[in-house]
Amino acid sequence: TSGENDERTPSASPDGRVLFASRTQNIDIWSLPLNADAAAPKGSLARLTSDPAIDQRPSLSRDGKRMAWETSRGGNFEVWVKDLVSGSEKGLTSGPLREHMPALSPDGSRLVYDVHDGEKVTIFESDFQGGEPVQIREENVGQGSFQWTAKGDSVLYFHREPPGSVGLMNLSSRSEEHTSELQSL
(Lines give C-alpha, C1' and ligand atoms only; values in the text may rest on other atoms or scores of the structure.)
Protein backbone atom coordinates (compact mmCIF):
# COMPACT_ATOMS: atom_id res chain seq x y z
CA THR A 1 0.00 0.00 0.00
CA SER A 2 1.06 3.59 -0.35
CA GLY A 3 -0.41 7.02 0.05
CA GLU A 4 -1.56 9.21 2.88
CA ASN A 5 -3.52 6.65 4.95
CA ASP A 6 -2.19 5.14 8.18
CA GLU A 7 -2.07 1.39 7.37
CA ARG A 8 -0.88 -1.23 9.86
CA THR A 9 -1.06 -4.77 11.33
CA PRO A 10 -0.82 -6.85 8.13
CA SER A 11 -1.82 -10.52 8.06
CA ALA A 12 -1.12 -12.72 5.00
CA SER A 13 -2.95 -15.79 3.71
CA PRO A 14 -1.53 -18.58 1.51
CA ASP A 15 -3.94 -17.66 -1.30
CA GLY A 16 -2.14 -14.34 -1.74
CA ARG A 17 -4.45 -11.95 0.11
CA VAL A 18 -3.23 -9.45 2.66
CA LEU A 19 -5.46 -8.01 5.38
CA PHE A 20 -4.54 -4.83 7.18
CA ALA A 21 -6.05 -2.05 9.24
CA SER A 22 -6.30 1.36 7.60
CA ARG A 23 -7.07 4.58 9.42
CA THR A 24 -8.94 7.09 7.34
CA GLN A 25 -11.62 8.62 9.56
CA ASN A 26 -11.38 5.62 11.84
CA ILE A 27 -9.55 2.27 11.81
CA ASP A 28 -11.17 -0.51 9.76
CA ILE A 29 -9.88 -3.77 8.30
CA TRP A 30 -9.33 -4.05 4.57
CA SER A 31 -8.35 -6.81 2.14
CA LEU A 32 -6.15 -6.47 -0.92
CA PRO A 33 -5.42 -9.43 -3.25
CA LEU A 34 -1.72 -9.58 -4.06
CA ASN A 35 0.49 -11.25 -6.63
CA ALA A 36 3.22 -12.25 -4.18
CA ASP A 37 5.70 -13.09 -6.97
CA ALA A 38 5.42 -9.61 -8.46
CA ALA A 39 4.78 -7.76 -5.17
CA ALA A 40 1.83 -6.05 -6.83
CA PRO A 41 -1.93 -5.82 -6.25
CA LYS A 42 -4.03 -8.17 -8.38
CA GLY A 43 -7.47 -6.94 -7.45
CA SER A 44 -9.48 -4.25 -5.76
CA LEU A 45 -9.20 -3.02 -2.23
CA ALA A 46 -12.19 -4.26 -0.16
CA ARG A 47 -13.33 -3.05 3.26
CA LEU A 48 -14.02 -5.99 5.60
CA THR A 49 -15.21 -3.98 8.61
CA SER A 50 -17.11 -0.71 8.67
CA ASP A 51 -17.87 0.70 12.07
CA PRO A 52 -17.12 4.02 13.81
CA ALA A 53 -15.18 2.06 16.45
CA ILE A 54 -11.57 0.92 16.07
CA ASP A 55 -11.27 -2.43 14.21
CA GLN A 56 -7.66 -3.65 14.16
CA ARG A 57 -5.18 -6.53 14.51
CA PRO A 58 -6.84 -9.00 12.13
CA SER A 59 -5.95 -12.69 12.18
CA LEU A 60 -6.85 -14.81 9.17
CA SER A 61 -7.40 -18.56 8.88
CA ARG A 62 -5.05 -20.37 6.52
CA ASP A 63 -7.81 -20.84 3.91
CA GLY A 64 -8.74 -17.14 4.11
CA LYS A 65 -12.38 -17.86 5.00
CA ARG A 66 -12.41 -16.72 8.63
CA MET A 67 -11.11 -13.68 10.44
CA ALA A 68 -10.78 -12.61 14.07
CA TRP A 69 -9.92 -9.08 15.20
CA GLU A 70 -10.08 -6.72 18.15
CA THR A 71 -12.57 -3.89 18.21
CA SER A 72 -13.65 -1.11 20.53
CA ARG A 73 -17.33 -1.43 19.49
CA GLY A 74 -18.40 -2.21 23.06
CA GLY A 75 -16.51 0.71 24.60
CA ASN A 76 -13.38 -1.27 25.43
CA PHE A 77 -11.47 -3.74 23.29
CA GLU A 78 -13.24 -7.02 22.58
CA VAL A 79 -12.66 -9.93 20.20
CA TRP A 80 -14.95 -10.34 17.20
CA VAL A 81 -15.02 -13.00 14.47
CA LYS A 82 -16.27 -12.96 10.90
CA ASP A 83 -17.05 -15.64 8.36
CA LEU A 84 -15.66 -14.01 5.21
CA VAL A 85 -17.72 -16.29 2.95
CA SER A 86 -21.15 -15.49 4.42
CA GLY A 87 -20.28 -12.05 5.81
CA SER A 88 -21.67 -13.03 9.22
CA GLU A 89 -19.84 -11.42 12.14
CA LYS A 90 -20.30 -11.44 15.91
CA GLY A 91 -18.68 -10.46 19.15
CA LEU A 92 -16.93 -13.36 20.85
CA THR A 93 -16.13 -11.54 24.10
CA SER A 94 -17.89 -8.75 25.99
CA GLY A 95 -16.33 -8.31 29.39
CA PRO A 96 -15.27 -5.25 31.35
CA LEU A 97 -11.55 -5.93 30.74
CA ARG A 98 -9.47 -5.40 27.61
CA GLU A 99 -9.87 -8.58 25.51
CA HIS A 100 -7.60 -8.43 22.52
CA MET A 101 -4.77 -9.72 20.32
CA PRO A 102 -6.71 -12.66 18.80
CA ALA A 103 -4.92 -15.30 16.73
CA LEU A 104 -6.84 -17.87 14.71
CA SER A 105 -5.64 -21.47 14.52
CA PRO A 106 -4.46 -22.53 11.05
CA ASP A 107 -7.78 -24.26 10.31
CA GLY A 108 -9.80 -21.32 11.68
CA SER A 109 -11.72 -23.43 14.20
CA ARG A 110 -10.15 -21.98 17.37
CA LEU A 111 -8.48 -18.82 18.54
CA VAL A 112 -6.40 -17.59 21.43
CA TYR A 113 -6.52 -14.08 22.85
CA ASP A 114 -5.50 -12.29 26.00
CA VAL A 115 -7.43 -10.46 28.67
CA HIS A 116 -5.71 -7.55 30.38
CA ASP A 117 -6.68 -6.26 33.82
CA GLY A 118 -3.85 -3.71 34.11
CA GLU A 119 -1.62 -5.98 36.22
CA LYS A 120 -1.71 -9.43 34.69
CA VAL A 121 -2.56 -11.02 31.38
CA THR A 122 -4.78 -14.09 31.12
CA ILE A 123 -4.65 -16.18 27.97
CA PHE A 124 -7.86 -17.81 26.76
CA GLU A 125 -8.70 -20.28 24.00
CA SER A 126 -12.13 -20.23 22.38
CA ASP A 127 -14.02 -21.93 19.59
CA PHE A 128 -14.60 -19.75 16.51
CA GLN A 129 -18.35 -20.31 16.90
CA GLY A 130 -18.30 -19.08 20.50
CA GLY A 131 -19.16 -20.86 23.72
CA GLU A 132 -17.36 -20.83 27.05
CA PRO A 133 -13.66 -19.90 26.64
CA VAL A 134 -10.99 -22.00 28.35
CA GLN A 135 -8.42 -20.23 30.50
CA ILE A 136 -4.97 -21.33 29.34
CA ARG A 137 -2.61 -19.34 31.53
CA GLU A 138 -2.66 -16.42 33.92
CA GLU A 139 0.61 -14.60 34.50
CA ASN A 140 2.54 -11.56 33.46
CA VAL A 141 3.11 -12.58 29.85
CA GLY A 142 3.50 -9.93 27.20
CA GLN A 143 0.50 -8.67 25.33
CA GLY A 144 -0.50 -11.26 22.78
CA SER A 145 1.72 -11.47 19.75
CA PHE A 146 0.40 -15.01 19.41
CA GLN A 147 1.43 -17.13 16.44
CA TRP A 148 0.11 -20.68 15.97
CA THR A 149 2.51 -23.43 14.92
CA ALA A 150 1.79 -25.21 11.64
CA LYS A 151 0.43 -28.28 13.48
CA GLY A 152 -2.10 -26.09 15.30
CA ASP A 153 -1.41 -27.58 18.74
CA SER A 154 0.82 -24.84 20.16
CA VAL A 155 1.27 -21.07 20.11
CA LEU A 156 4.31 -18.87 20.25
CA TYR A 157 4.00 -15.75 22.38
CA PHE A 158 6.02 -12.94 23.93
CA HIS A 159 6.91 -13.57 27.57
CA ARG A 160 8.17 -10.86 29.93
CA GLU A 161 10.08 -13.19 32.29
CA PRO A 162 12.91 -13.59 31.57
CA PRO A 163 12.73 -10.18 29.82
CA GLY A 164 12.08 -10.35 26.14
CA SER A 165 11.86 -14.12 25.68
CA VAL A 166 9.57 -16.02 23.34
CA GLY A 167 7.52 -18.86 24.78
CA LEU A 168 6.02 -21.91 23.11
CA MET A 169 2.89 -23.21 24.81
CA ASN A 170 1.28 -26.54 23.98
CA LEU A 171 -2.47 -25.96 24.35
CA SER A 172 -3.34 -29.59 25.15
CA SER A 173 -0.72 -30.31 27.81
CA ARG A 174 -0.31 -26.67 28.95
CA SER A 175 3.46 -27.28 28.87
CA GLU A 176 5.63 -24.28 28.16
CA GLU A 177 9.14 -23.74 26.84
CA HIS A 178 11.16 -20.54 26.34
CA THR A 179 13.42 -19.66 23.40
CA SER A 180 16.54 -20.90 25.17
CA GLU A 181 14.86 -24.31 25.52
CA LEU A 182 13.35 -24.58 22.01
CA GLN A 183 14.94 -27.11 19.69
CA SER A 184 12.48 -27.33 16.81
CA LEU A 185 8.86 -26.62 16.04
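Because the structure is a prediction, the values reported are computed rather than measured.

1. Regarding unusual backbone geometry
Right, so step 1: One non-glycine residue, Ala39, lies in positive phi territory at about 50 degrees.
Right, so step 2: As for its placement among the helices and strands, Ala39 is situated in the loop between strand E3 (27-35) and strand E4 (40-41).
Right, so step 3: Residue classification places Ala39 among the exposed residues on the basis of a relative accessible area of 72%.

2. Some words on the environment of Glu78
Right, so step 1: By the element assignment, Glu78 lies in strand E8 (residues 78-83).
Right, so step 2: Sequence spacing of Glu78 and Tyr113 is 35 residues, and the spatial spacing of their C-alpha atoms is 9.7 Å.
Right, so step 3: When sequence neighbours within four positions are dropped, the list of residues in contact with Glu78 reads Trp69, Glu70, Thr71, Thr93, Ser94 and Glu99.

3. Describing the sheet that holds strand E9 (residues 89-91)
Right, so step 1: If you walk across this open sheet you meet the 4 strands as E6-E7-E8-E9, and the pairing is antiparallel. The open sheet has two free edges, formed respectively by strand E6 (55-60) and E9, since each of these has just one partner strand. Each strand axis lies, on average, 25 degrees off the axis of its neighbour in the sheet, ignoring direction.
Right, so step 2: Inspection of the sheet shows E8 paired to E9 by 3 bridges, in the antiparallel sense. Each residue of the ladder has a partner; that of Val81, found in E9, is Lys90.

4. Here we look at the pattern of salt bridges
Right, so step 1: This structure, assessed with the given rule, holds 10 salt bridges.
Right, so step 2: With its nearest N and O atoms 3.5 Å apart, the salt bridge here joins Asp15 to Arg17.
Right, so step 3: Among the residues examined, Asp15 registers a relative accessible area of 42% and is labelled partly exposed.
Right, so step 4: Between Arg110 and Glu125 there is a salt bridge; the shortest N-O distance is 2.6 Å. Of the two residues, Arg110 sits in strand E11 (residues 110-116) while Glu125 sits in strand E12 (residues 121-127), which places them 15 residues apart along the sequence.
Right, so step 5: Residue classification places Glu125 among the buried positions, given a relative accessible area of 12%.

Analysis parameters
- Residues numbered from 1 in each chain as written.
- Predicted model: local features only at pLDDT ≥ 70, side-chain atom pairs only at ≥ 80, totals over all residues.
- Heavy atoms only, no water.
- Helix = DSSP H or I, 4+ residues; strand = E, 2+ residues; numbered from the N terminus.
- Buried < 20%, exposed > 50% of the residue type's maximum accessible area, 1.4 Å probe, protein only.
- Contact = heavy atoms within 4.5 Å.
- Pairing = 2+ DSSP bridges.
- Axes fitted to C-alpha atoms, helices over the stretch in contact; angles between N-to-C directions.
- Salt bridge = Lys/Arg side-chain N within 4 Å of Asp/Glu carboxyl O.

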